[in-house]
Amino acid sequence: MAGTSLKILVADDVRTNVRQIEVVARRLGHTTLIAGNGEEAVELFRTQTPDLVFMDIMMPGMDGISAVREIRSLPAEKWCPIILFSALDRMQDIVSGLECGADDYVVKPASLQLLRAKIRGFARLLDLQREVHDYSDELRNWRAQAEEQSRLGAHVMARLTDAEGLRDPLLRFFNIPAETFSGDLLCAARAPGDEMHLMLADAAGHGLPAALTAMPLTQAFYGMTAKGFPLPSIAEELNRKLKAILPADRFVAATLACLDVRNQTVEVWNGGNPDALFVDDAGRVVHRWASRHPPLGILPGPLFSGQTETVAFHEAGRLLLCSDGLAEAEPPGGGQLGLDGVLRLLGGAGPGLDALDALQRGVKAHLAAEFGRDDISCMMLRVPVERRHRFRIAAPNMPHAEPAAFSDWRLDLSYAARELRYLDVVPAVLGFITQIEVLRPHQSSLFLILSELFNNALDHGLLRLESSTKDRLGGFDAFMEQRQERLARLDDGQISLSFQLHQVEGEGVLDIRVHDSGPGFDYKARFENCGCLDSEDCHAYGRGIALVRALCSQLVYSGAGNKVWARYSLGGRAGAGAAA
Amino acid sequence: MQITKDEAPGRTVLRLSGRFDFHSHRDFRGAYEKALESADVREIEVNFGNVDYLDSSALGMLLLLREKADAKGKQVTLAGLKGAVKQVLDIANFGKLFTIKA
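Residues numbered from 1 in each chain as written. Chains lettered and ligands numbered in written order. Predicted model: local features only at pLDDT ≥ 70, side-chain atom pairs only at ≥ 80, totals over all residues.

## Observations regarding the overall build of chain B
Next, step 1: Within chain B one finds three helices and five strands.
Next, step 2: In terms of overall size, chain B behaves like a compact globule, its C-alpha atoms giving a radius of gyration of 12 Å where 102 residues would be expected to give roughly 13 Å.
Next, step 3: If one aligns the C-alpha atoms of chain B with their principal axes, the spans along those axes are about 35 × 25 × 20 Å.
Next, step 4: The buried share of chain B, taken over its 102 residues, is 37%.
Next, step 5: Contacts spanning at least 24 positions in sequence make up 68% of the contacts within chain B whose residues lie at least 6 apart. (Helix = DSSP H or I, 4+ residues; strand = E, 2+ residues; numbered from the N terminus. Rg over C-alpha atoms; globule rule 2.2 N^0.38 Å. Buried ≥ 20, exposed ≤ 12 C-beta atoms within 10 Å, placed from the backbone. Contact = placed C-beta atoms within 7 Å.)

In structure tokens form, the structure reads like this:
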């Protein structure tokens, strides 16, 4: 037998008995320790920690039974089998011997074959025990390692996913993990035009692996939102990123949403998550955005669609995004919460964002204090209606003292149809512009101005869309659909942009020129109808231009209405809280 | 989860029953491996008629099968969809990734 060499303790006062066991043990490759009585046996056991013990019963001084009791009372790290080896052969002796803590009983005289067989049998058991011991050691180490990884994961995840946007007063959210921490990822940020972007991502599985899968989304979401990219482009980029790094059987269900208070629209891309809901203040579902796409990370770029669904809202309400863990929340006894359950909890909770806290309490009560099977997360965004169309612009954050020093700077760009079809021109150009130090603090205002002027040139100049379409019921969708269609077919036309940074009467200004190759429009008539800043019935189109006027010191249309020139002052009036 | 296999010429049908979740990994892979290797099989149908639960790792296994089948020029079809199983596959828009049979 190729087993481990054992250290065998033999306690017997008769030399020939000791000799017999020694011979067998040595032939099997084991070593022996010899004790002449019980006291010696206990002492050797304590100091030498043998693997196996042969114990005579009748010995001078401490007898074998007392020695076994003594040995069994010692603290033991591992099991050491004890075989009583005695001439006492009555059943009563054998039973009481085994009951004192011995593991086997061999009656003297015993043959060499029997002794060999006994030693081999116990050697096998000891091997088995060692294996179990090693395994449980390994398990303990793994467990400690897993706990350490989870702790580290939770820490990094918390830092990576924390963002200013999650503390927005319009937003409330909760996340109930199935394990130490959740694999669901919640992100929120304001875009440069003050739109609120949300993302709720739910990676397959839960815990650390799920969190790891969803992690790459954070940076891309925040980065692109800050640069002013629209939702469809963000969805495409997130998908591209995940597709490149995830194995075929991993994916991330995600909902992206954009709330544009100024234009009173909610735009949603949903791939693999439960319906996003627009819930009015009475708790009724007014609109649902069902999952229209496979989750992120499955489709290769050319097959992926970032197409969103935009809905204009006319009443205040709340946008609710959730992971599938919410409706599937199930206590140990069974019984999923269901969408009905979710709506019942919301309906009973009143109009504001506090409803989400009520929902969270309700879900926890439903789970009956158990962890869910899956991570459960939920975001609720207040969707306000602002009659006077107030909007916020991040105040330019610049040192007050000196007029910032800069040299004259100029940028001229021209985009033709082929590129206009797929490029996000505004974020790209904004990226260039805000590389100039003195312009950087004005990012929000410049984004709004540039978006309005560029989109007018594209939508009305080249695509010939009528903004009056937007004012009809369901018109916003129709407008967006028409826009997408015409843009895809655009094969002629050009938009030129020019930026010039210079000083006028000691003040820094940025002149912006946008020129499209379209037929123009009757700007005089348009502004007479809709130039006033506070008009409540002002058309969507007029609102945009009014906004640019509010932000710029001058705005001049020329040509056939296809050329516009705007002057933005760096020093003066572009401040926070402008109203359009 | 239990899987029974029907092998017709050119086509293998995997009939699943019970819960299709992360415990089913080895069984599911074992069930389709032979069909993937066989040059004669053009189509692998996964029948969900008796499946009562499906989780996201099951979706992952289907995607993995799809990728392997694509590489061998074979088609994967999903059949017998109803109830909760159909709902999960609908939300994930698997109709855009697989051929679905009524």
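Text resumes after the structure shown.
## Description of the overall build of chain A
Next, step 1: A count of helices and strands for chain A gives 17 helices and 20 strands.
Next, step 2: Taking 25 Å as the expected radius of gyration for a compact globule of 580 residues, we find that chain A reaches 39 Å, considerably beyond that expectation.
Next, step 3: Overall, chain A is about 125 × 55 × 50 Å in size when its C-alpha atoms are taken along their principal axes.
Next, step 4: Relative to its 580 residues, chain A shows a buried fraction of 39%.

## Looking at the interface of chain B and chain A
Next, step 1: Facing the 14 residues of chain B at the interface are 13 residues of chain A.
Next, step 2: Element by element, the count of residues in the side of chain B that touches chain A is highest for helix 2 (residues 56-71) of chain B, at eight residues.

## A short note on the packing of helix 9 (residues 338-347) of chain A against helix 10 (residues 354-367) of chain A
Residues and elements named next belong to chain A.
Next, step 1: The N-to-C vectors of helix 9 and helix 10 enclose an angle of 135°; their axes lie 8 Å apart at closest approach. Relative to helix 10, the element helix 9 is oriented oblique. For the pair helix 9 and helix 10, the crossing hand works out as right-handed. For the pair formed by helix 9 and helix 10, the contact residues are Gly341, Val342, Leu345 and Leu346 on the first element and Ala355, Ala358, Leu359, Gly362 and His366 on the second.
Next, step 2: Here the residues of the contact of helix 9 with helix 10 sort into six nonpolar, three polar and no charged. (Axes fitted to C-alpha atoms, helices over the stretch in contact; angles between N-to-C directions. Parallel < 35°, antiparallel > 145°, perpendicular 65-115°, else oblique. Left-handed = near helix turned anticlockwise from the far one by under 90°. Nonpolar A, V, L, I, M, F, W, Y, C, P; charged D, E, K, R; others polar.)

## Structural notes on helix 9 of chain A
Residues and elements named next belong to chain A.
Next, step 1: Along helix 9, the positions that sit buried rather than exposed are Val342, Leu345 and Leu346. Across the axial projection of helix 9, the buried residues extend over an arc of 100°, all falling on one side.
Next, step 2: Its buried side turned inward, helix 9 meets strand 11 (276-280), helix 8 (324-327) and helix 10. (Arc of directions from axis to C-beta.)

## With respect to the pairing of strand 18 (residues 507-516) of chain A
Residue and element names in this part refer to chain A.
Next, step 1: Summarising the sheet, strand 17 (residues 494-504) and strand 18 pair through 10 bridges and their orientation is antiparallel. Across the sheet, Gln503 pairs through a bridge with Gly508, a residue of strand 18.
Next, step 2: Taking the residues that link successive antiparallel strands as the turn, the strand 17-strand 18 hairpin has two residues, and the phi of Glu505 there is positive, at about 50°.
Next, step 3: Two elements, strand 18 and strand 20 (residues 563-569), share seven bridges in a ladder whose sense is antiparallel. Looking across to strand 20, one finds that Val509 is bridged to Ser569. (Pairing = 2+ DSSP bridges.)

## Considerations on helix 7 (residues 231-245) of chain A
Next, step 1: Taking 1.5 Å of rise per residue, the 15 residues of helix 7 of chain A would be expected to cover 21 Å, and the 22 Å separating its terminal C-alpha atoms lies within 8% of that figure.
Next, step 2: Of the surrounding secondary structure, the elements contacted by the buried residues of helix 7 of chain A are helix 6 (207-227), strand 9 (252-260) and strand 10 (265-271) of chain A. (Expected span 1.5 Å × (residues − 1).)

## Structural notes on the pairing of strand 4 (residues 82-86) of chain A
Residues and elements named next belong to chain A.
Next, step 1: The buried fraction of strand 4 amounts to five of the five residues, a majority that puts the element mostly inside the structure.
Next, step 2: Residues Ile82, Leu84 and Ser86 line one face of strand 4 and the alternating positions Ile83 and Phe85 line the opposite face, and both faces are buried.
Next, step 3: With helix 3 (residues 64-73) bridging strand 3 (residues 52-55) and its parallel neighbour strand 4, the resulting β-α-β unit is right-handed.
Next, step 4: Here four bridges tie strand 4 to strand 5 (residues 104-107), and the two strands are oriented parallel to one another. Pairing of Leu84 across the sheet is with Tyr105, part of strand 5.
Next, step 5: Where the polypeptide runs from strand 4 across helix 4 (residues 91-99) and back to strand 5, its parallel neighbour, the crossover connection is right-handed. (Right-handed = clockwise from strand over helix to strand, strands pointing away.)

## Side note on the packing of helix 1 (residues 15-27) of chain A against helix 5 (residues 112-161) of chain A
Packed helices, taken two at a time, are described by the angle their axes make and the gap between the axes.
All names here are of chain A.
Next, step 1: Their axes nearest at 10 Å, the elements helix 1 and helix 5 cross at an angle of 55°. On the basis of their axis angle, the class for helix 1 and helix 5 is oblique. Relative to helix 5, the crossing made by helix 1 is right-handed. Each of Gln20, Ile21, Val24 and Ala25 in helix 1 lies in contact with helix 5, whose residues at this interface are Leu112, Leu115, Arg116 and Ile119.
Next, step 2: Counted by class, the contact of helix 1 with helix 5 contains six nonpolar, one polar and one charged residues.

## Overview of the sheet that holds strand 16 (residues 409-416) of chain A
Residues and elements named next belong to chain A.
Next, step 1: Overall, antiparallel pairing links the five strands, which are arranged 16-17-18-20-19 in an open sheet. Looking along the sheet, the strands with just one partner apiece sit at the ends: strand 16 and strand 19 (554-558). Neighbour-to-neighbour, the strand axes of the sheet open up by a mean angle of 10°, direction not taken into account.

## A few points about the nonpolar core
Residues and elements named next belong to chain A.
Next, step 1: Core analysis: the biggest nonpolar cluster contains 101 residues, and Val252, Ala257 and Leu319 have the highest contact counts within it.
Next, step 2: Dropping the residues within four chain positions of it, Val252 is found in contact with Ala201, Asp202, Ala203, Thr213, Ala214, Leu217, Leu242, Pro295, Leu296 and Gly297.
Next, step 3: Listed in part, the 40 residues of the second largest apolar core include Leu462, Leu465, Leu497 and Cys552. (Core = buried A, V, L, I, M, F, W, Y, C linked by C-beta atoms within 7 Å.)

## Notes on the environment of Ala211 of chain A
Next, step 1: Of note, Ala211 of chain A is situated in helix 6.
Next, step 2: Distance in space between the C-alpha atoms of Ala211 of chain A and Phe181 of chain A is 8.5 Å, their sequence separation being 30 residues.

## Some remarks on the confidence of the model for chain B
Residues and elements named next belong to chain B.
Next, step 1: Per-residue confidence for chain B gives a mean pLDDT of 93, with 100% of residues at or over 70.
Next, step 2: When mean pLDDT is taken per element in chain B, strand 4 (residues 75-79) scores highest with 96 and strand 1 (residues 2-8) scores lowest with 91.
Next, step 3: Under the prediction, the complex receives an ipTM of 0.91, its pTM being 0.76. (pLDDT = per-residue confidence, 0-100.)

## Focus: the sheet that holds strand 2 (residues 31-35) of chain A
Whether parallel or antiparallel, the strands of a sheet pair through hydrogen bonds between backbone atoms.
All names here are of chain A.
Next, step 1: A sheet is described by the order of its strands in space; here five strands give the open sequence 2-1-3-4-5, paired in parallel fashion. A single partner strand is all that each edge strand has here, and the edge strands are strand 2 and strand 5. The sheet shows a mean angle of 20° between the axes of neighbouring strands, direction not considered.
Next, step 2: Across the sheet, helix 3 lies against strand 1 (7-11), strand 3 and strand 4, angled at about 175° from strand 4, the strand it touches most.

## Side note on the environment of Leu446 of chain A
Residues and elements named next belong to chain A.
Next, step 1: In this fold, Leu446 is placed in helix 13 (residues 443-462).
Next, step 2: Sequence separation between Leu446 and Leu510 is 64 residues, and the spatial gap between their C-alpha atoms is 9.5 Å.
Next, step 3: Ignoring anything within four residues of it in the chain, the contact list for Leu446 reads Leu430, Ile433, Leu439 and Tyr568.

## Remarks on the confidence of the model for chain A
Next, step 1: Per-residue confidence for chain A averages 86 on the pLDDT scale, and 90% of its residues sit at or above 70.
Next, step 2: In this model residues 572-580 of chain A is a low-confidence stretch, pLDDT under 50, and it forms 27 contacts with partners more than four residues away in sequence or in other chains.

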